[in-house]
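Commentary on secondary and tertiary structure
Take a look at the letters that make up each chain.
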Amino acid sequence: MSLTEKQNLEVDWFLNNYAKYMRSPENNLGFAESKYIKISGSKTFDDMVEDLDTKLAQVVCTILDDIDEIYKDYINAIYLGSKRKYRDTLDIDKKSSEIVYNELKTRGFIHE
């Protein structure tokens, strides 16, 4: 199965969100605190978006924990900039995207 351009863009968004989550300044464990003032305990729209982004990044973390190590390592190399080199990267790239797409779809985060 080859992904369409739209499907590749969806997977790319999720993986970029995951990378942002992993690179956050707070010990690489989540998004930075909101710079907006919270009024009387209510959340701003930006806070709600950040909460959703965090939850979606955690879904990708779970997916990556469940897939073969070679695909997880490849995704981390591309999106987190690790130094590992790969031979035959086109096949790994396509398969990695397909695996993540199928997992996101199975878990209800992507709809056709």
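In the block above lies the structure referred to throughout.
What comes next is a walk through the structure. Note that the structure is predicted; figures quoted are calculated from it, not measured.

1. Some words on the overall build of the protein chain
- Helix and strand content of the protein chain: 4 helices and 0 strands.
- Along its sequence from the N terminus, the protein chain presents helices and strands in the succession α-α-α-α.
- Taken across its 112 residues, the protein chain has 38% of its residues classed as buried.
- Counting only contacts in the protein chain whose residues sit at least 6 apart along the sequence, the fraction spanning at least 24 positions is 57%.
- Carbon together with sulfur atoms contributes 53% to the accessible area of the protein chain, which is approximately 7,600 Å² in total.

2. As for helix α3 (residues 69–80)
- Here α3 is 12 residues long and its end C-alpha atoms lie 15 Å apart, about the 16 Å a rise of 1.5 Å per residue gives.
- Among the residues of α3, Tyr71, Lys72, Asp73, Tyr74, Ile75, Asn76, Ala77 and Tyr79 are the ones counted as buried.

3. Side note on the side chain of Ser96
- If you trace the backbone, Ser96 turns up in helix α4 (residues 89–106).
- On the accessibility criterion, Ser96 (2% relative accessible area) is buried.
- Residues within four places of Ser96 in sequence aside, it is in contact with Tyr71, Tyr74 and Ile75.

4. What to know about the packing of helix α1 (residues 5–22) against helix α2 (residues 45–66)
- Axis separation between α1 and α2 bottoms out at 8 Å; the angle between their running directions is 100°. By the angle between their directions, the pair α1 and α2 is classed as roughly perpendicular. Note on element contacts: α2 touches α1 through Asp53, Thr54, Leu56, Ala57, Gln58, Val60, Cys61 and Leu64, opposite Trp13, Phe14, Leu15, Asn17, Tyr18, Lys20, Tyr21 and Met22.
- Across the contact of α1 with α2, the residue classes break down as 11 nonpolar, 3 polar and 2 charged.

5. Comments concerning the nonpolar core
- Within the largest apolar cluster, 25 residues are counted, with the highest numbers of intra-cluster contacts made by Leu15, Leu64, Ile67, Ile75, Val100 and Leu104.
- Sorting the residues of this core by element identifies α1, α2, α3 and α4 as the ones contributing at least two each.
- No other element matches the 7 residues that α2 contributes to this core.
- When sequence neighbours within four positions are dropped, the list of residues in contact with Ile75 reads Leu15, Leu64, Ile67, Leu80, Ser96 and Val100.

6. Some thoughts on the pattern of salt bridges
- Considering all chains together, one arrives at 4 salt bridges under this definition.
- Across the pair Glu10 and Lys6 runs a salt bridge, and its minimum N-O distance is 3.2 Å. Residue Glu10 and its partner Lys6 are located together in helix α1, separated by 4 residues, close to a single helical turn.
- For Lys72, the salt bridge identified is with Asp65, shortest N-O distance 3.0 Å.
- Each of Asp66, Glu103 and Arg107 takes part in salt bridges that share partners, so that together they form one network.

Cut-off values and rules
- Residues numbered from 1 in each chain as written.
- Predicted model: local features only at pLDDT ≥ 70, side-chain atom pairs only at ≥ 80, totals over all residues.
- Heavy atoms only, no water.
- Helix = DSSP H or I, 4+ residues; strand = E, 2+ residues; numbered from the N terminus.
- Buried < 20%, exposed > 50% of the residue type's maximum accessible area, 1.4 Å probe, protein only.
- Contact = heavy atoms within 4.5 Å.
- Areas by Shrake-Rupley, 256 points an atom, 1.4 Å probe, with all protein chains shown as cover.
- Expected span 1.5 Å × (residues − 1).
- Axes fitted to C-alpha atoms, helices over the stretch in contact; angles between N-to-C directions.
- Parallel < 35°, antiparallel > 145°, perpendicular 65-115°, else oblique.
- Nonpolar A, V, L, I, M, F, W, Y, C, P; charged D, E, K, R; others polar.
- Core = buried A, V, L, I, M, F, W, Y, C linked by side-chain atoms within 4.5 Å.
- Salt bridge = Lys/Arg side-chain N within 4 Å of Asp/Glu carboxyl O.

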